[in-house]
Structure formats: structure tokens, C-alpha cells
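A structural walkthrough
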Amino acid sequence: MADEPDFDVIVIGAGVAGTVTAYLLAQQGLSVVLIERGEAPGSKNFSGGIMYCTAMKSVFPNFLDEAPVERLIDRNEIVFLNADSWVGIDYGDRRLAKAGTAVTVLRAHVDAWLAEQAEAAGAMVMPGVKVDALLKEGSRIVGVKAGEDELRARVVVAADGVNSFIARDAGLRPKPATDQQALGVKALFKLDRAVIEDRFGLDGNRGVAYSLVGDCSQGVGGGGFVYTNKETLSVGLVLRLDDLVKKGKRSTDVFDHFLEHPLVDAMVRGGELIEYGSHLVNEGGEKMMGQIVFDGLVLVGDASGLTLNTGLTVRGMDLATGAAIAAAKGIAEAIAKGDTSATGLAAYKRELDASFVGQDMHTYAKAPHFLENERMYGQYGQLMADVLHEVFCLDTTPRKHLLPTARGVLKQSGIKLTRLGKDGMEGVRAL
Ligand SMILES: Cc1cc2nc3c(=O)[nH]c(=O)nc-3n(C[C@H](O)[C@H](O)[C@H](O)COP(=O)(O)OP(=O)(O)OC[C@H]3O[C@@H](n4cnc5c(N)ncnc54)[C@H](O)[C@@H]3O)c2cc1C
């Protein structure tokens, strides 16, 4: 008879996906160990910082009151940047704060809190340990190897983030293509709380999220963001990896250029840079997911190819939470049935596909292709600014109505009306 495994479940990686999976499984009385290579959960983690938190609230109903969240987002600004101008949509809605569906978070705080919940539910949290490899018996994953130690479990959960070396090194997942990943660069600027609230017109715990596109990425496919926290601003860019290489740009130079844009400069002015880093982001959408259930192993969160960038929102943490909920259900069922083969664990994939995660990945399947459209990163922002310039720059030239003005600007830009119409339709279908 085979030895009893050390744990029912080993979870690799204490990000959102791993910690929520560990919490939910421990809550059901399973023996769970959560292994994290960072000194503390969250210490190595990276995100722009908007958490769409409805899924998280379904796991922790008091999440907004008890977790260390920053601000409730009830204003979203979508802004096209040009070299000397910007044009935006300012969408504020008190219903958003009331619904409490989006908050800014700092991962070092929120991931540590999530790990505390997992520990309180009975999971063993093991920080400062890097899993080096999966243990295999035939085609079956039976545990993990960390340094000289080997731990065995009925199920291993790879929640080790976007690179997921664990599954890749075991030959279970291919290396993602460069057109399926982007490079995220993010800085955290410290400012007095009162300065942030004055500068952005905020009160109490309300906050604003800026999504920026255009000149901020110097023609590289991607976009920028500025999110307000209590006493800091999260400022960053997400740049398509293949396009960075193609255009011969360095992400740090593009980021410096972004910070110098008059709109961004006015937001971060006087802020003290307290953190700076870069990290990969999945950008391939639904087609990146591939196989996520194997004999004795499941993949969750970024490790399973999740993350959705629609240009308007960057989502990963809510998808990671949704995947954790589906995985915990599938794993608990498989263990209860005594079948943790890929077939026994298949309920996870079914749950995931039926959940908002699978459905949203499907709905936005065309978004990655749409975001490859170069006109989004330059010409269209300039076009809008040029039309508005004609409207507001009142010299003594006789005015024209809006339609002929727009036609004239379009003609000068060299973009055909049919092209504009096609791009518009593609955008409507993709987003
Ligand atoms: C610049 C940028 C901006 C983003 N903005 C947003 C946003 O605003 N909103 C949003 O929802 N999402 C955003 N995302 C995406 C989001 O950050 C990810 O989707 C999310 O962090 C995925 O969570 P995860 O738990 O799957 O992986 P991660 O958070 O990456 O966690 C993986 C964990 O595994 C650990 N680990 C890795 N390898 C090992 C190993 N061998 N042994 C032990 N531990 C290991 C890591 O240390 C880490 O703690 C952004 C990403 C970037 C890069």
C-alpha cells in the first residue's frame, strides 16, 4: 500500500489565487499547506491595484470592513494622451461606491491578510520556501520538491503566478509566446493623504482610477494607469512584450516619458518614489488558458493563463479569486470521491467555465487582437484632440459646424472614414 501523503493539498504560491484556494479547502477540514517563496505572503507580489472584489466578498463577506483595502473606486477616467493634449471621459457614479465592487489594494497588505485568514482556517502557511519542482510518479503529480525536502499530497495546486515555472518545467505547459504577454512597470508614489484628496477631488475613502492610452506608451501597444490609494498613488504601464522588442524601446524609458506627460506629471508631482518594479502580465486572453487540470495537479490564477486586459480594465485578481473558488470545489469533490486523477478533478474546469471567469474570458476573447491596433495608441487620441481644438481655440477664423470640422480633421489625418467605422465596430465587438 502506498504511503499516506503528508497533506491532502499542497498549494504553491501565496498570491490571491493560492491563498483563497488554501483558505477554502482548509475551511472544509482538508489538510493544506500553502508554500510561498517570499519572506512573507505578498512580499513578492505585484499588481496595478484595482481589485474587482465581488468574488472576494463571496468568500469573505466582511472583506471591505476587515481587509486592509485602500479606497473604494467610484470614478473612472478613460483618457487618450497625445504629446501636448489629452481627451478623456470622466465617469463618476456614486452607485459604484454603494455597490462596493472595486477597491484599490496594495498587495503586500492584502495578501498578508488573506494568508492570515487561510492560517486561521487551519492551513499551514510556509513562507520563505521555494518549490523547485513537482514530484512525479509516471504521469501523476504526487507532491513537490523544495531544496532537499519532498512533500507529498493528494492534489498539488500551482498558483505560482504568470511565469508558472512549476508547470512549465514539468513539461505540462508551453512557454507563452511574446505576443501573449506584456510587461507591467509600476511605481508607488507617497503623498500626504490631504494632497491626494485635494488633487483628485476625493473625500473619505473614495478613490479614482485613470486608464490612459496613447502617447504614454510611445507607440508601443499598451496603456497606463494611475490609481489612488490612501497615502500613495499606484502609477504604471502595461506594454506588449513583442511590440517593445519590435519598436526597440526600453520599458524604463517609456515609463520615464509617461511620468513626464503634463497630465501625469500634475498627478504625481511632489510624490516620493517608494517602490518601483516590473512584472509580466498575461495578455493572450482565452486562448492562453490551455490545459489546467492534470493527474494530481491543477493550475489557478495567472498560472492558468488568466488575466484580462480590455484597455478599459485590467483584471487578474478577481479572476484568480473566481478560479480559486472553482478549484476548491473541484478538489474537495475529487478528494471526497477518492479520484484525484485529471478525470476526477475535471469538475474544477467545469465550474470555472460556468463561472463569471470562464464566461468573461470568452466574452473578451477578441480584446487582445483589438488592442494590437496601432491607431488606438496614437492617431485616434490625436484626432479627438484636433476636433476639440477646432471647437475651443477660438481665434477670428470663421467657425464651421461640428460635422464638417470633424470631416476636415479626419481628412488631414489620412484615416479613411471606412477605416474609422471598421475599427469602431471591431472595438464594440471586442470590448
Ligand atoms: C503592472 C500590472 C498591473 C496589474 N493591474 C491589475 C489590476 O489593477 N487589477 C487586477 O485585478 N489585476 C491586475 N494585474 C494582474 C494581477 O496582478 C494578477 O492577475 C494577479 O496577481 C494574479 O494572482 P495570482 O495569485 O495568480 O499570482 P501572483 O499574485 O503572481 O502570486 C503568485 C505567488 O506565487 C509565489 N511563487 C512563485 N513561484 C513560486 C515557487 N516556485 N515556490 C513558492 N512560491 C512561488 C510568488 O512569490 C507569488 O506570491 C496587474 C498585473 C501587473 C503586472
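Conventions adopted
Residues numbered from 1 in each chain as written. Predicted model: local features only at pLDDT ≥ 70, side-chain atom pairs only at ≥ 80, totals over all residues. Heavy atoms only, no water. Helix = DSSP H or I, 4+ residues; strand = E, 2+ residues; numbered from the N terminus. Rg over C-alpha atoms; globule rule 2.2 N^0.38 Å. Buried < 20%, exposed > 50% of the residue type's maximum accessible area, 1.4 Å probe, protein only. Contact = heavy atoms within 4.5 Å. Areas by Shrake-Rupley, 256 points an atom, 1.4 Å probe, with all protein chains shown as cover. Near = heavy atom within 4 Å. Polar contact = N/O pair within 3.5 Å; in protein donor to acceptor, adjacent residues only side chain to side chain. Nonpolar A, V, L, I, M, F, W, Y, C, P; charged D, E, K, R; others polar. Domains from an automatic or database assignment. 1 Å grid on protein atoms, 1.4 Å probe; cavity = no way out; pocket = protein on both sides within 12 Å on 5 of 7 lines; lining within 4 Å. Points joined across faces, edges and corners; volume = space filled by probe spheres on them. Patch = residues over 30% accessible without salt bridge, like charges linked within 9 Å, V, L, I, M, F, W, Y side chains within 5 Å. Salt bridge = Lys/Arg side-chain N within 4 Å of Asp/Glu carboxyl O. Core = buried A, V, L, I, M, F, W, Y, C linked by side-chain atoms within 4.5 Å.

So, the overall build of the protein
Tallying secondary structure elements over the protein gives 17 helices and 19 strands in all. For the protein, the C-alpha radius of gyration of 23 Å lies close to 22 Å, the compact-globule estimate for 431 residues. By its C-alpha atoms, the protein is 90 × 45 × 35 Å across when sized along the principal axes. The buried share of the protein, taken over its 431 residues, is 53%. Across the protein, the fraction of contacts at a sequence separation of at least 24, relative to all contacts at a separation of at least 6, is 73%. Per element, the accessible surface of the protein, about 19700 Å² overall, is 53% carbon and sulfur.

Focus on the site of the ligand
Taken together, the neighbourhood of the ligand is formed by 35 residues, with Glu 36, Asn 45, Ile 50, Arg 107 and Asp 302 sitting nearest. The separation between a nitrogen atom of the ligand and a polar main-chain atom of Gly 48 is 2.8 Å. The backbone of Ile 50 places a nitrogen or oxygen atom 2.7 Å from a nitrogen atom of the ligand. Coverage of the ligand by the protein amounts to 97% of the 1000 Å² it exposes when considered alone. Secondary structure elements with two or more residues in the shell around the ligand: helix H1 (16-27), strand S2 (32-36), strand S15 (272-282) and strand S19 (314-315). With three residues, S15 is the single largest residue contributor to the shell around the ligand. The class makeup of the residues in the shell around the ligand is 15 nonpolar, twelve polar and eight charged. Counting contributing residues, the shell around the ligand receives three or more from each of domain 1 (7-68 + 105-176 + 287-363) and domain 2 (179-282).

With respect to the layout of surface pockets
The method is simple in principle: a probe with the dimensions of a water molecule rolls over the atoms, and the space it marks as empty is what remains. Roughly 710 Å³ of internal volume is contained in the second largest pocket. Forming the boundary of the second largest pocket are 35 residues, of which Phe 80, Val 213, Gly 311, Leu 312 and Met 376 lie nearest the centre. Of the residues in the lining of the second largest pocket, the class split is 20 nonpolar, twelve polar and three charged.

Remarks on empty space enclosed by the protein
Evaluation of the coordinates by the stated rule reveals one cavity of 30 Å³ or more. What the largest cavity holds in volume is close to 50 Å³. Of all the elements in the fold, those that place two or more residues in the lining of the largest cavity are strand S18 (308-309) and helix H14 (367-370). Considered class by class, the residues forming the lining of the largest cavity number five nonpolar, five polar and one charged.

A look at a nonpolar patch on the surface
Taken together, the side chains of Leu 388, Val 391, Phe 392 and Leu 402 present a nonpolar region at the surface, about 400 Å² in accessible area. Tracing the sequence through the fold places Leu 402 in helix H16 (residues 402-413). By relative accessible area, Leu 402 is classed as exposed at 54%.

A few points about the nonpolar core
Ile 10, Phe 63, Ile 331 and Tyr 348 are the most contacted members of the largest nonpolar core, which totals 77 residues. Of the residues forming this core, the biggest block, twelve residues, is contributed by helix H11 (residues 317-337). The next biggest cluster of nonpolar side chains, apart from the first, holds 30 residues, and it includes Leu 212, Val 235, Phe 258 and Met 267.

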